[in-house]
Amino acid sequence: MTTPTTKHLLRAVLLLGMILPAPVLAAEDTLTVANMTFRTGPFADAGTPLTDGQRDYMLMLNERDGGINGIRLNYDECETGFSVDKALECYDKAKASSLVTQPWSPAITLELLPKASVDKVPVLAPGYGFSAMADGRRFPWAFNPPVSYWDGASMMLKGISGDDLDNLRGKKIVLLHLDGPYGEEPIPLLQAYADSFDFTLLPVPVAAKEMQSQSVQWAKIKAERPDFVLLWGWGAMNAGALVEAVKSGFAMDRLVGIWWSAHDDDD
């Protein structure tokens, strides 16, 4: 599966700009787009290229097109280190001036949704965050194009079942996931599928401090002998999982990862 791209993200930003009232845009010399970055912290390897890509795209729009409809973009970064507390500080600092807020973390997104709905600040979370916020009737100020994590979980099941979930009946599926809101996001949906199609779901959490050494988790997987492992990895967890899978003799064609597992620098 393909990682959500900067192109998708910027399409969403431009869409948000288009739906704002014209007089508001015309009164401003610039459009401020705030981005909560994580160039530091445990997931900096993923956060740095994401941030670099968005920054470069914004700069290109200014240099090539003069911004959007003649209004230049003011790209503003606020470093969070993937910390919820720091992210809330960034949000409070930027909410009055930014066109959109970008949490870059499911945990941060969950904290911001109630605040942003009151402040009427759009939350842009492309390909991540709380999946239910794709329902615009209940979350009119939240956007997570092009797909949500629940979409991703459904795609993974369709992929391993040959597009026929009845083929999963009687199977055992491990969800190897980061221990936290990101990793827990697909569990309710996967469990609902497991109940409906009579397969066993076994969540196996990986703590952040264990990302590069998953021997305990893979010993459990080896003992359980699952038919498939769904890798809900992030950062160094991806490479750690692949190393342990090889050590355990687990077949690579039975290991399927969510899009953040496709980051070349991690693998």
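Check the entry above for the structure.
In this text the structure is predicted, and so the values were computed from the model without any measurement.

What counts as what
- Residues numbered from 1 in each chain as written.
- Predicted model: local features only at pLDDT ≥ 70, side-chain atom pairs only at ≥ 80, totals over all residues.
- Heavy atoms only, no water.
- Helix = DSSP H or I, 4+ residues; strand = E, 2+ residues; numbered from the N terminus.
- Contact = heavy atoms within 4.5 Å.
- Disulfide = S-S within 2.5 Å.
- Buried < 20%, exposed > 50% of the residue type's maximum accessible area, 1.4 Å probe, protein only.
- Pairing = 2+ DSSP bridges.
- Axes fitted to C-alpha atoms, helices over the stretch in contact; angles between N-to-C directions.
- Polar contact = N/O pair within 3.5 Å; in protein donor to acceptor, adjacent residues only side chain to side chain.

*Asks:* Would you mind going over the environment of Ala125 in detail, with residue names and values included?
*Replies:* Of note, Ala125 is situated in the loop between strand S3 (123-124) and strand S4 (142-143). Beyond its immediate sequence surroundings of up to four residues, Ala125 is in contact with Thr109, Met133, Phe143, Asn144 and Pro145.

*Asks:* Requested: an account of the state of the cysteines, with residues and values cited.
*Replies:* One pass over the full model with this rule turns up 1 disulfide. Note on cysteine connectivity: Cys78 is disulfide-linked to Cys90, with sulfurs 2.0 Å apart. Every disulfide takes its handedness from the sign of the S-S torsion; for Cys78 and Cys90 that torsion is -75°, giving left-handed. Here Cys90 lies in helix H4 (residues 84-94) and Cys78 lies in strand S2 (residues 72-79), a separation of 12 residues in the sequence. On the basis of relative accessibility, which here comes to 19%, the residue Cys78 falls in the buried class.

*Asks:* Account for the sheet that holds strand S8 (residues 255-257), with residues named and values stated.
*Replies:* The strand order S6-S5-S7-S8 describes an open sheet built from 4 strands, whose pairing is parallel. The open sheet has two edge strands with one neighbour each: strand S6 (200-206) and S8. Neighbour-to-neighbour, the strand axes of the sheet open up by a mean angle of 20°, direction not taken into account. For strand S5 (residues 172-178) and strand S7 (residues 228-232), the ladder comprises 5 bridges, and the chain directions are parallel.

*Asks:* So what about the side chain of Ser105? Which residues, and what values?
*Replies:* Mapping Ser105 onto the fold places it in the loop between H4 and helix H5 (106-119). Among the polar contacts listed, one links the side chain of Ser105 to the backbone nitrogen of Ala107, at a separation of 3.2 Å. Within polar-contact distance, the side chain of Ser105 engages the backbone nitrogen of Ile108 at 3.2 Å. Setting aside residues up to four positions removed in sequence, Ser105 forms contacts with Phe82 and Tyr128.

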